[in-house]
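Topology and contacts: notes
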Amino acid sequence: MSDVKLEIVRSIGVSFQTEFGKHYQILTSTDIDSDVWGEFGDPIEGTGEVYTFHQNTEDPGNTFFQVIQTESDLEEITISDLEMVMIPIPAGTFVMGSPDDEEGRFFSEEPQTTVTISRPFWMSKFEVTQGQYEELMGTNPSWFKNVGTKAPVEQVTWDDAVEFCQRLTKHERSTGNLSVDFKYQLPTEAQWEYACRAGMATRFSYGNDPGSSDLENYAWYQDNSGNTTHPVGEKLANPWGLHDMHGNVSEWCLDWYRNFLDGENLIDPAGPTLGALRVNRSGNWGDLADLCRSASRSGFVPSGTRRILGFRPILVSIPKEPEPPELLGFPLEMKLIPAGTFVMGSPDDEEDRDNDEDPLTTVTISQPFWMSKYEVTISQVRNYLLDGGTKDGIGFTKLNCPISNDSTFSLRNNKFSQNGNQPMVEITWEGAVSFCEWLTEQERATGRLPEGHEYRLPTEAQWEYACRAGTTTRFSYGDDPSDRELSNYAWYRDNSGKTTHPVGEKLPNPWGLHDMHGNVYEWCSDWYRNPYSGGNLTDPRGPTLTGQRVSRGGIWSRPAGFCRSAFRFASPPNSSSTGFGFRPVLVPIP
């Protein structure tokens with residue numbers, strides 16, 4: 001990278017034209033011939049717009065300014081064997097959608113939404129061509145094969161486009177050209193419009209163009225296409241170097257489609273969590289000019305194909321997952337549970353279902369959290385309450401969990417003996433809550449607790465979400481007719497021998513959590529409600545007050561139907577038995 005001196009001026013204010021892909025630093029000095037100039041403000045990233053700054057004085061005196069231009073850290077990427085060029089797109093903020101007075105607008109482009117794209121990415125300079133698609137996928141589904149291999153591929157489903165990106169990622173990693181920190185994927189709708197606009201707020205990336213008289217220079221559309229696609233890149237590029245963003249073929253995006261925008265300030269939006277259609281953007285060879293605008297949007301069934309529909313990939317960095325806390329001296333392993341959406345409860349035809357598992361409710365868990373890999377054991381509770389803290393400390397005097405110092409028979413009024421690796425039982429809901437409070441205080445005092453986090457019992461929604469681990473079946477490993485596989489995952493009536501067992505002896509669910517289907521019931525934070533509320537909920541915490549608290553998970557003394565992911569149980573919060581245990585979660589403080 002080489003520095004380029006743009007100008008030296010003595011002035012109260014300075015304006016200069018920026019270019020995308022360039023960085024700028026304003027320097028200042030009182031001596032125009034000096035070899036040492038100080039920085040004036042933070043570096044500026046070029047957006048293609050004019051940048052203006054002002055000195056905070058009415059008399060500049062002997063103050064001089066110069067603007068130094070450097071190349072961006074982001075560079076084009078070329079995938080040689082596919083002849084695919086990826087253009088760097090900077091992070092930034094834009095207004096998504098169209099204003100009320102925009103010529104040709106549709107109601108689905110409102111309300112306008114301020115969107116921040118927080119991380120730069122790379123976007124293919126051209127739509128994926130027939131040649132590129134056939135090279136990677138081995139087939140060419142296109143209708144317009146007569147146009148040649150440089151024409152955009154079309155008649156691809158959304159799933160086809162996703163698979164292309166996955167294969168491209170695998171291919172580039174296998175050649176050593178791509179690290180595991182990056183992947184190819186379809187752009188989100190927000191990323192697509194941001195890249196299309198390229199810093200512009202007009203109808204098209206090149207201006208408002210009343211009457212669309214200049215569109216033919218930038219796009220193949222109804223008026224000039226001859227009802228066919230054309231080789232990519234024959235029309236002018238937008239300000240960021242992307243071709244065919246206003247025409248040729250429409251392009252699949254990652255998001256589910258809905259016919260309105262959010263109308264809020266969003267950061268890296270990924271669209272709704274469910275839907276029937278997937279978003280497609282850009283005009284195409286058969287569209288009128290109004291449908292080629294930057295804000296124009298539509299949707300199509302993801303399994304469908306059309307002669308007007310193709311795609312272009314982007315390259316993005318994969319966000320780093322937060323590391324779990326290091327609990328030195330306390331063997332509590334925590335598994336990271338990602339944010340996401342699931343359907344809570346059971347369908348009408350699920351075997352062994354109960355009537356308190358409906359209506360089905362779509363739940364979004366908006367933030368990732370950690371959950372204990374295992375149910376809390378006797379040793380963990382004894383170590384903290386008897387060895388690791390004062391008896392007058394938080395939770396001990398009100399903790400209803402009868403512990404003795406006898407290592408072999410540790411629980412009062414129990415019908416079986418336990419060792420320290422078996423789950424803590426005969427603990428009330430209040431006792432489990434107090435343990436979580438104790439653990440929070442202990443870990444905060446050591447400095448190991450992530451700032452703004454606490455240990456507590458999971459909500460019922462968090463528990464079922466973590467138990468299902470992305471599945472919709474009776475158990476996290478499948479529907480399992482006749483319950484033949486359950487013994488591999490759970491201690492329950494048919495295999496427990498009428499006792500609890502050491503945690504972690506059975507197979508985990510897909511997210512690495514053990515004993516979610518058996519061993520002991522696990523207290524949740526919610527009050528119990530029957531039925532569910534139904535609808536779409538985000539981070540529900542249950543009703544505000546009832547007479548019973550929820551517990552989840554199977555139990556050593558009950559049959560298979562009580563071990564399903566959707567099964568619920570409720571008891572007074574001051575009750576305890578050899579069937580009740582718990583596992584904490586680590587979550588942001590609300």
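Note: the structure precedes this text.
Throughout what follows, the structure given in this document is the object of discussion. In this text, all values refer to a predicted model and were calculated from it rather than measured experimentally. (Residues numbered from 1 in each chain as written. Predicted model: local features only at pLDDT ≥ 70, side-chain atom pairs only at ≥ 80, totals over all residues. Heavy atoms only, no water.)

As a further point, take the overall build of the protein chain. If you tally the helices and strands in the protein chain, you get six helices and 30 strands. Residues counted as buried form 53% of the 590 residues belonging to the protein chain. Within the protein chain, residue pairs in contact and separated by at least 24 positions form 74% of the contacts whose partners lie at least 6 positions apart. As presented, the protein chain carries roughly 26100 Å² of accessible surface, and 48% of it is formed by carbon and sulfur atoms. (Helix = DSSP H or I, 4+ residues; strand = E, 2+ residues; numbered from the N terminus. Buried < 20%, exposed > 50% of the residue type's maximum accessible area, 1.4 Å probe, protein only. Contact = heavy atoms within 4.5 Å. Areas by Shrake-Rupley, 256 points an atom, 1.4 Å probe, with all protein chains shown as cover.)

So, about the sheet that holds strand S28 (residues 568–571). The strand order across the open sheet built from four strands is S28-S27-S25-S29, with neighbouring strands paired in mixed fashion. Looking along the sheet, the strands with just one partner apiece sit at the ends: S28 and strand S29 (580–581). In this structure, strand S25 (residues 521–527) lies alongside S29, joined through two bridges in parallel fashion. Across the sheet, residue Tyr521 finds its bridge partner in S29, namely Phe580. (Pairing = 2+ DSSP bridges.)

The next subject is the packing of aromatic side chains. Taken as a whole and judged by the stated rule, the model has 21 aromatic pairs. Ring geometry for Tyr521 versus Phe569: centroids 4.7 Å apart, planes at 20°, classification stacked. Of this pair, Tyr521 sits in strand S25 while Phe569 sits in strand S28, and the two are 48 residues apart along the sequence. Aromatic side chains Tyr521 and Phe580 sit 5.9 Å apart centroid to centroid with 55° between the ring planes, which places their arrangement in the tilted category. Here Phe580 lies in strand S29 and Tyr521 lies in strand S25, a separation of 59 residues in the sequence. (Phe/Tyr/Trp six-rings, centres within 6.5 Å; stacked < 30°, edge-to-face > 60°.)

The next point concerns helix H3 (residues 189–197). Count 3.6 residues to each turn of an α-helix, and residues three or four apart come out pointing the same way. H3 sits mainly inside the fold: nine of its nine residues count as buried. Glu189, Ala190, Gln191, Trp192, Glu193, Tyr194, Ala195, Cys196 and Arg197 are the residues of H3 that are buried. Ala198 sits one or two residues past H3 and shows a positive phi near 55°.

Turning to the nonpolar core, a few remarks are in order. Nonpolar side chains in soluble globular proteins tend to be buried together. Counting residues in hydrophobic clusters, the biggest one holds 26 residues, and the most contacted among them are Tyr455, Leu457, Trp523 and Phe582. Those elements that provide at least two residues to this core are helix H4 (378–387), helix H5 (429–446) and S25. If one sorts the elements of this core by residue count, H5 sits on top with five residues. (Core = buried A, V, L, I, M, F, W, Y, C linked by side-chain atoms within 4.5 Å.)

Right, let's get into the packing of helix H1 (residues 130–137) against helix H2 (residues 158–174). For the pair H1 and H2, the least separation of the axes is 10 Å and the interaxial angle reads 65°. By the angle class used here, H1 and H2 are roughly perpendicular. Seen along the crossing, H1 lies across H2 with a hand that is left-handed. Across from Gln132, Tyr133, Leu136 and Met137 in H1, the residues of H2 making contact are Asp160, Glu163, Phe164, Arg167, Leu168 and His171. (Axes fitted to C-alpha atoms, helices over the stretch in contact; angles between N-to-C directions. Parallel < 35°, antiparallel > 145°, perpendicular 65-115°, else oblique. Left-handed = near helix turned anticlockwise from the far one by under 90°.)

According to the stated counting rule, one finds 29 salt bridges in the structure shown. The salt bridge partner of Arg105 is Asp100, with a shortest N-O separation of 3.8 Å. Close ionic contact of Glu464 with Arg468 constitutes a salt bridge, the shortest N to O distance being 2.9 Å. In this pair, Glu464 and Arg468 both sit in helix H6 (residues 460–468), four residues apart, roughly one turn of the helix. (Salt bridge = Lys/Arg side-chain N within 4 Å of Asp/Glu carboxyl O.)

Let us look at the sheet that holds strand S26 (residues 535–538). Judged by pairing direction, the sheet is mixed, and its three strands sit side by side in the order S21-S22-S26 without closing on themselves. Looking at strand neighbours, the two that pair on one side only are strand S21 (340–344) and S26, the edges of this open sheet. The sheet shows a mean angle of 25° between the axes of neighbouring strands, taken without regard to direction. Of the strand pairs in this sheet, strand S22 (residues 361–365) and S26 are connected by four bridges, and their pairing is parallel.

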